[in-house]
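Chain by chain, the residues run as shown.
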Amino acid sequence: MGVQDVMIERIREIYAYREMIVSLVRRDLKGRYKGSALGFFWTFLNPLLQLAVYTMVFSTIMRSDIEDYYLFLFVALIPWIFFGTSLTGGSSCILAQQDMVKKIYFPREVLPIAFVTSQFVNMLLSFIVIFIVLLFAGYALQPEAILGLPVVMAVEYLLSLGFTLIMSAVTVYIRDLEYILGIISMAWQFLTPVMYAIDQVPEDMRWVFWMNPMTYVITAYRDILYYGKIPKLETLLSAALLGIAMLLLGWRVFYRLQRRFAEEL
């Protein structure tokens, strides 16, 4: 059986376990703020509090030449938080469910898929706050630009899932990776134009940043939400190709490593 046939068969099997994925996502969303006084409201309160902090810091203390810098940062930070959380938190999603992995059979890909999907839903809810803030700030959301938003979100989801598949599988064998990823994620954020514009990077260094798949994703988000324009086709195409390539690579690595999960856990 060829690689393509194996992948198609695996997709069918994962689809058969879609109710398990939905159940895990629902459990994660419900349990995230369980026991807190405000409960699920924290999903909206967290980005609002972050916005308040950035507004205070960058409007009064660390002034930037970029107009409405707090919004410039905010529309990129929320997508980055989704990616960063998928990368760092997703690395331990297999370890966290090791009893389930050792006792019952199911496609192991279900666990990283459920984790990334849960973080994605959380990002979608945070986008409600982004839209409200943009409207109150007087930013007109361009319908033709907004049509590109689902495409960018889908690309980031594929990209995040690809990396999470790899990291969650490798962490089963190398437990220290779970802690190292915190440092990697922090460094990666500084090498992605989240807190600055790509134009601020020296021209002779930009090729390094364009090798980073998240540069394309963040640039597309900012074009749509902050500048109110349709992202360049080359930006969307590059992001889409990198997202698909990362997902395929992630699945291949995960599929090979998952065979010995039960022995390693």
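On a predicted model such as this, the values are computed, not experimentally measured, just so you know.

## Description of the overall build of the chain
Okay, step 1: When helices and strands are tallied, the chain shows 14 helices and 0 strands.
Okay, step 2: When the helices and strands of the chain are placed in sequence order, the string is α-α-α-α-α-α-α-α-α-α-α-α-α-α.
Okay, step 3: Rg of the C-alpha trace for the chain: 19 Å, near the compact-globule value of 18 Å for 265 residues, within the 12% margin.
Okay, step 4: The proportion of buried residues among the 265 residues of the chain is 48%.
Okay, step 5: Contacts in the chain between residues far apart in sequence, at least 24 positions, make up 78% of those at least 6 positions apart.
Okay, step 6: Summed over all atoms, the accessible surface of the chain reaches about 13800 Å², with 65% contributed by carbon and sulfur.
Okay, step 7: Mean positive and mean negative side-chain charge positions of the chain (21 and 21 charges, respectively) differ by 9 Å.

## Some details on the packing of helix α4 (residues 69-90) against helix α12 (residues 213-225)
Okay, step 1: As a packed pair, α4 and α12 sit with axes 9 Å apart at the nearest point and diverge in direction by 140°. In this view, α4 runs oblique relative to α12, as classed from their interaxial angle. The two elements α4 and α12 meet at a crossing, and its hand is right-handed. Here α4 contributes F72, L73, V75, A76, P79, W80 and F83 to the contact with α12, which in turn contributes M214, I218, Y221, R222 and L225.
Okay, step 2: Along the lines of polarity and charge, the residues of the contact of α4 with α12 split into 11 nonpolar, no polar and 1 charged.

## Regarding the side chain of R108
Okay, step 1: Mapped onto the secondary structure, R108 falls in the loop between α6 (98-103) and α7 (110-136).
Okay, step 2: An unpaired buried charge is present at R108: no salt bridge exists, and E109, the closest side chain of opposite charge, is 7.6 Å distant.
Okay, step 3: Not counting residues within four places of it along the chain, the set of residues in contact with R108 comprises R10, I94, V101, F254, Q258 and F261.

## Brief notes about unusual backbone geometry
Excluding glycine, a negative phi dihedral is what most residues carry, and trans is how most peptide bonds are arranged.
Okay, step 1: Positive phi, close to 50°, is recorded for D68, a residue that is not glycine.
Okay, step 2: Turning to its location among the elements, D68 is positioned in the loop between α3 (42-61) and α4.

## Considering a nonpolar patch on the surface
Okay, step 1: Residues M205, W207, V208 and M211 make up a contiguous nonpolar surface patch of about 430 Å² in total accessible area.
Okay, step 2: Along the chain, the position of M205 falls in the loop between α10 (177-190) and α11 (206-210).

## Section: the side chain of T219
Okay, step 1: Tracing the backbone shows T219 in helix α12.
Okay, step 2: Judged by relative accessible area, which is 16%, T219 ranks as buried.
Okay, step 3: For T219, the residues in contact, after removing those within four places along its chain, are W210 and T235.

## Observations concerning the environment of F115
Okay, step 1: With respect to the secondary-structure elements, F115 resides in helix α7.
Okay, step 2: Through-space distance from the C-alpha of F115 to that of D28 is 8.0 Å; in sequence the pair is 87 residues apart.
Okay, step 3: Excluding its chain neighbours within four sequence positions, the residues that come into contact with F115 are T85, S86, G89, G90 and C93.

## What about the pattern of salt bridges?
Okay, step 1: Counted by the stated rule, this structure contains 3 salt bridges.
Okay, step 2: We note a salt bridge from E13 to R10, for which the minimum N-O separation is 3.3 Å. Here E13 pairs with R10, and both are found in helix α1 (residues 3-16), just 3 residues apart, close to one helical turn.
Okay, step 3: For E13, a relative accessible area of 21% puts it in the partly exposed group.
Okay, step 4: For R10, a relative accessible area of 8% gives the class buried.

Definitions and cut-offs
Residues numbered from 1 in each chain as written. Predicted model: local features only at pLDDT ≥ 70, side-chain atom pairs only at ≥ 80, totals over all residues. Heavy atoms only, no water. Helix = DSSP H or I, 4+ residues; strand = E, 2+ residues; numbered from the N terminus. Rg over C-alpha atoms; globule rule 2.2 N^0.38 Å. Buried < 20%, exposed > 50% of the residue type's maximum accessible area, 1.4 Å probe, protein only. Contact = heavy atoms within 4.5 Å. Areas by Shrake-Rupley, 256 points an atom, 1.4 Å probe, with all protein chains shown as cover. Lys, Arg positive; Asp, Glu negative; His and termini not counted. Charge placed at Lys NZ, Arg CZ, Asp CG, Glu CD. Axes fitted to C-alpha atoms, helices over the stretch in contact; angles between N-to-C directions. Parallel < 35°, antiparallel > 145°, perpendicular 65-115°, else oblique. Left-handed = near helix turned anticlockwise from the far one by under 90°. Nonpolar A, V, L, I, M, F, W, Y, C, P; charged D, E, K, R; others polar. Salt bridge = Lys/Arg side-chain N within 4 Å of Asp/Glu carboxyl O. Patch = residues over 30% accessible without salt bridge, like charges linked within 9 Å, V, L, I, M, F, W, Y side chains within 5 Å.

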